[in-house]
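Here is how the chains run, residue by residue.
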Amino acid sequence: MSARAGVDTVGHGGVQRSEIRGPIDCDVHPTITSTRVLAPYLSDFWRDSLVERGIDSLDSISYPSDAPITARPDWRNHTDEVEQLCTQVLDRWDSQGAILNCLYGVQLVFNEDMAVAFARAVNDWIAREWLDRDSRLRASIVVPLQNVEHAVDEIERCASDRRFVQILVLASGEMPLGRRNFWPVYAAAQRHGLPIGIHAGSAYRHPVTSIGWPSYYVEDYASQSQAFQSQVASLICEGVFAKFSELKVVLLESGVTWLPGFLWRLSKFWRGLRPEVPWVDRSPLEIVRDHVRLTIQPLDAPDDPDTVRRIIDHMRSDDMLLYASDYPHWQFDGDRNMPPGIPTDLVRKIQVDNPLATYQRLNEDAP
Amino acid sequence: MNVAAKPSLDHVMPQSTEAGPVDCDIHTRVRSIEDLKPYLSAHWWHYLKTYGMRARHGFAKAPPFPKAAPNAARRDAWPPDGGFPATNLEFLRTQHLDAYGISFGIMNPLVATGQGDQNDDLSAALATATNDWQLDTFVTPEPRLRASVVVPYEDGAASAAEIRRRAGDHRYAHVLMMSRTAEPAGKRRYWPIYEAAAEAGLPIGIHVFGYSGWAGSSSGWPSFYIEEMTDHAVSCQSLVTSLVMEGVFERYPNLKVVLIESGFAWMPALGWRLDRVWARMRDEVPHVRQPPSAYLKKHFWISTQPMEEPERPEHLLDVVDWMGADRLMFASDYPHWDFDDPRFALPASLGPERRQAILSGNARALYRLG
């Protein structure tokens, strides 16, 4: 997938190279339709348990399967999802690569042994049934944060496969992500050059809002951008970026337009309250520009290009946005895969340069 | 508490009540719980002395996150009588109302009001007591001050009764709730509050804080006060979402909501996001008839403090453009440490007309201040 070397276009380890340097799609989602799909990748004990205990589904309510946001109408029906992604998304927009973020509900599982078993199965399934089929594909390591040691073990197990380019966690879990409990995960991430990808979604250990459970799914989805605000505050205030100076965090499907206003508030409070968090030795605005990246779908902006240009100006950085289609989620119609109003010289940065700068492993040739 | 800094009166503002700022957030408070004793029954006084207030967090005598300063107050706001900040009317006048030429000040009491207590009946008794106490202690001797109708918001019926008890009394500016309710603010259990407020023509003021009984974020409890303060803007986004998506404004089309101390820079972005998800999934919420941003522009006002400060001040003007300068109302948060000074808080680049609207005109119109 190296932009320097061009790109394979005919499958894993293929030899034909072109000089196409199309966009890198930083957020696409493979679908697991049933736990049966994972059976070949589970131990005997858990494979038996699927049957003995009737464990059929780990689907999360974060994306109800028939909700409009969950899949674009023309991406709903397929006989082969890998083929659909490769032809209707990657070929369609000449993408040189895509990063698979699997949202199967492994993070929701209460039993930590079960969680690690299914996380391993998901990662092995992705490697065999997706990454092996098209050399443009890369993936995030699904980790069971229910137990930090298990999470680190899973990172160590998968990291030697260079096609895993990121560590994937959800926007809402049991504890704020900055808490020191999680730092071994960030140490492993930095050691292997893997960004932490935080994706919309919840383990539902807490209501999706800090004022309790809302009535409607549309509120659950809308609240995701709020979860990211709390997590960014946590990561900064606990000192994660002071401790792990090389760490990158990517906010996936977080929405974007909330970021400037949020940082103005946090940075103002930091000026008044920094004695409480003395390790935060520079403005959160600067920390975020150095360490945090966001995918562009959804942007959460109006269609008016002038407003989008003003919002981009508020970010005060050309380095933070990463291209994503969010396949198969329904964020846009037709070929409008870039929001209108993004300045032309920024488009290439968002589509190619920023992903390559964020994901070290994308600069390596396909294995 | 020693007063380290003397109140500075060097920059006195014009004292015309016509031009003077309206301060939408002043935190007068009781000197001690004894101040409420005359307004409480023997039962509730006994209850308070025996069991105390029990917020939906574990600390008996302290907030969950230690504040930046004692009582979250400016170091210079402790009155010479040794009492708590904003308990001494004479000192409040000298240091704040007169010093800045404040024409009206809206009091949002936060201490010993019983809001969000685990015991709804105690909440109701303390709310009624607080509402009487505000008049006797502050509004009667100082008519520039206006009271809040403090309501025991977890009990909708009791709250509605308290609002109806105060309806028509113009010494009350609005109904006061805290932002972190036990359920999202749009849920039906709170509708009696909105119904009574709309009927009385009183806006609902929602001040940040309160303890919902849920963790401070959707991912659990943060560690620090700075996170708690930042997360208030986050929970206010959830409460605005709830009020819109539950159809509260379709049911009560005259309802007006004032968000206090939540910041406002998040409001345009929230409107854009809600419009998008509503357009995609409006079949789930058919009772929401307009794009969510239309409700935001019609039903919500936001107080300015703590004023967001972008690196480039012109970016704040974009936000004001997007939400409308008529939505913003100045607040100082006196006597708290993160006080905004009416002389300096609003960027000069807003221009005199918008500055004046935010400093006083918008609040005068909303609260029908003379």
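Within any chain, residue numbers begin from 1 and follow the written order of that chain's sequence. Numbering of ligands from 1 and lettering of chains from A proceed in the order in which they are written. Under the rules for a predicted model, residues below a pLDDT of 70 receive no local features and side-chain atom pairs below 80 are neither given nor counted, while totals for whole chains, interfaces and linings still include all residues. The basis for every side-chain value is the complete set of non-hydrogen atoms in the structure, without hydrogens or water.

Looking at an unreviewed UniProt entry, chain B carries the name Amidohydrolase, with the source organism given as Sabulicella glaciei.

Chain A is annotated in an unreviewed UniProt entry as Amidohydrolase of Sabulicella glaciei.

Draft legend 1. Up close: helix α2 (residues 81–91) of chain A. The buried label applies to any residue whose accessible area, calculated with a 1.4 Å probe on protein chains only, is under 20% of its type's maximum; exposed applies above 50%, and partly exposed to all values in between. Helix and strand definitions here come from DSSP, where helices need a minimum of 4 consecutive H or I residues and strands a minimum of 2 consecutive E residues; each element is numbered from the N-terminal end. Those residues of α2 of chain A lying buried are Glu81, Val82, Gln84, Leu85, Cys86, Val89 and Leu90 of chain A. Pairs of N or O atoms within 3.5 Å make up the polar contacts considered here, provided that, within protein, one atom can donate a hydrogen while the other can accept it, and that residues adjacent in sequence are counted only when both atoms are side-chain atoms. Where α2 of chain A begins, the side chain of Asp80 of chain A points an oxygen toward the backbone nitrogen of Val82 of chain A, at a separation of 3.0 Å.

Draft legend 2. Main features of the packing of aromatic side chains. Classification of ring pairs uses Phe, Tyr and Trp, with its six-membered ring standing for Trp, and accepts pairs whose centres are within 6.5 Å; under 30 degrees between planes counts as stacked, over 60 as edge-to-face, and the remaining range as tilted. Per the stated rule, a full pass over the model turns up 25 aromatic pairs over all chains. Centroid distance Trp75 of chain A to Phe332 of chain A: 6.4 Å. Interplanar angle 85°. Geometry classified as edge-to-face. On the criterion of sequence distance, the pair formed by Trp75 of chain A in the loop between α1 (44–52) and α2 and Phe332 of chain A in the loop between β10 (321–322) and α11 (344–358) is long-range, its members being 257 residues apart. Exposure class is identical for Trp75 of chain A and Phe332 of chain A. Each is buried. Both rings, one in Tyr47 of chain B and one in Tyr51 of chain B, keep their centres 5.3 Å apart while their planes meet at 50°; by these two values the pair is tilted. With Tyr47 of chain B and Tyr51 of chain B both in helix α1 (residues 42–51), this residue pair falls 4 residues apart, about one helical turn.

Draft legend 3. Up close: the pattern of salt bridges. Salt bridges, as used here, are contacts in which a Lys or Arg side-chain nitrogen is within 4 Å of a carboxyl oxygen on Asp or Glu. Enumeration over the complete set of coordinates arrives at 50 salt bridges over all chains. Residues Asp318 of chain B and Arg310 of chain A are paired through a salt bridge, measuring 2.8 Å at the closest nitrogen-oxygen approach. One end of the pair, Asp318 of chain B, is in helix α10 (residues 313–323); the other, Arg310 of chain A, is in helix α10 (residues 305–315), on a second chain. A relative accessible area of 22% places Arg310 of chain A in the partly exposed class. Bridged by salt links that share partners, the residues Asp306 and Arg310 of chain A together with Asp318, Asp321 and Arg354 of chain B form one connected network.

Draft legend 4. Geometry of the environment of Ser103 of chain B. Residue placement: Ser103 of chain B occurs in the loop between α2 (89–97) and β2 (104–107). Considering only alpha carbons, one finds Ser103 of chain B and Ala19 of chain B, 84 residues apart in sequence, at a separation of 7.5 Å.

Draft legend 5. Local environment of the side chain of Glu162 of chain B. Residues and elements named next belong to chain B. Structurally, Glu162 can be placed in helix α4 (residues 156–166). Within the local environment of Glu162, its side chain forms a polar contact with the side chain of Asn131, the two groups lying 2.8 Å apart. In terms of polar contacts, Glu162 uses its side chain to reach the side chain of Arg165, at 2.2 Å. Discounting chain neighbours no more than four positions away, the residues touching Glu162 are Ala127, Thr128, Asn131, Val149, Val150 and Val151. The criterion used for residue contact is that any of the two residues' heavy atoms lie within 4.5 Å.

Draft legend 6. Representation of the pairing of strand β7 (residues 196–202) of chain A in the model. All names here are of chain A. Of all 7 residues making up β7, 7 are buried, and the element is well covered by its neighbours. As paired elements, strand β6 (residues 164–172) and β7 share 5 bridges and run parallel to each other. By the bridge assignment, Ser172 is partnered in β7 with Ser202. At least two DSSP bridges between two strands are needed for those strands to be called paired.

Draft legend 7. Fine view of the interface of chain B and chain A. Contacts between chain B and chain A engage 72 residues on the former and 71 residues on the latter. In this description, buried area is defined as the sum, over both parts, of the accessible area (probe of 1.4 Å) that is lost when the two are combined. Across the chain B/chain A interface, buried area totals approximately 6100 Å², and carbon plus sulfur atoms make up 58% of it. The largest share of the area that chain B buries against chain A comes from Ser218, Arg273 and Arg280 of chain B, three residues that together contribute 13% of it. Across the contact surface, chain B and chain A share 9 salt bridges. The salt bridge involving Arg310 of chain A is made with Asp321 of chain B; its shortest N-O contact spans 3.3 Å. Taken together, the elements giving at least two residues each to the side of chain B that touches chain A come down to α6 (225–245), α8 (266–281) and α10 of chain B. Broken down by element, the side of chain B that touches chain A gets its largest block of residues, 16 residues, from α6 of chain B. Here the residues of the side of chain B that touches chain A sort into 32 nonpolar, 20 polar and 20 charged. Gly counts as polar in this scheme, as do all residues outside two lists: the nonpolar Ala, Val, Leu, Ile, Met, Phe, Trp, Tyr, Cys and Pro, and the charged Asp, Glu, Lys and Arg.

Draft legend 8. Highlighting empty space enclosed by the protein. Here a cavity denotes grid points, spaced 1 Å and computed from the protein atoms alone, that fit a 1.4 Å probe unable to get out, and a pocket denotes an open set having protein on both sides within 12 Å along at least 5 of 7 lines; residues with an atom within 4 Å of a point are the lining. Grid points are joined across faces, edges and corners, and a volume is the space filled by probe spheres set on the points. This model, assessed by the stated rule, comprises 8 cavities of 30 Å³ or more. Of the volumes computed, that of the largest cavity is approximately 90 Å³. Surrounding the largest cavity, 13 residues form its lining, Thr257 and His314 of chain A together with Ala265, Val319 and Trp322 of chain B being those nearest its centre. Classifying every residue of the lining of the largest cavity by side-chain character gives 10 nonpolar, 3 polar and no charged. The volume enclosed by the second largest cavity comes to roughly 70 Å³. Elements with a contribution of two residues or more to the lining of the second largest cavity: α8 (259–273), α9 (284–291) and α10 of chain A. Here the element with the most residues in the lining of the second largest cavity is α8 of chain A; it accounts for 4 residues.

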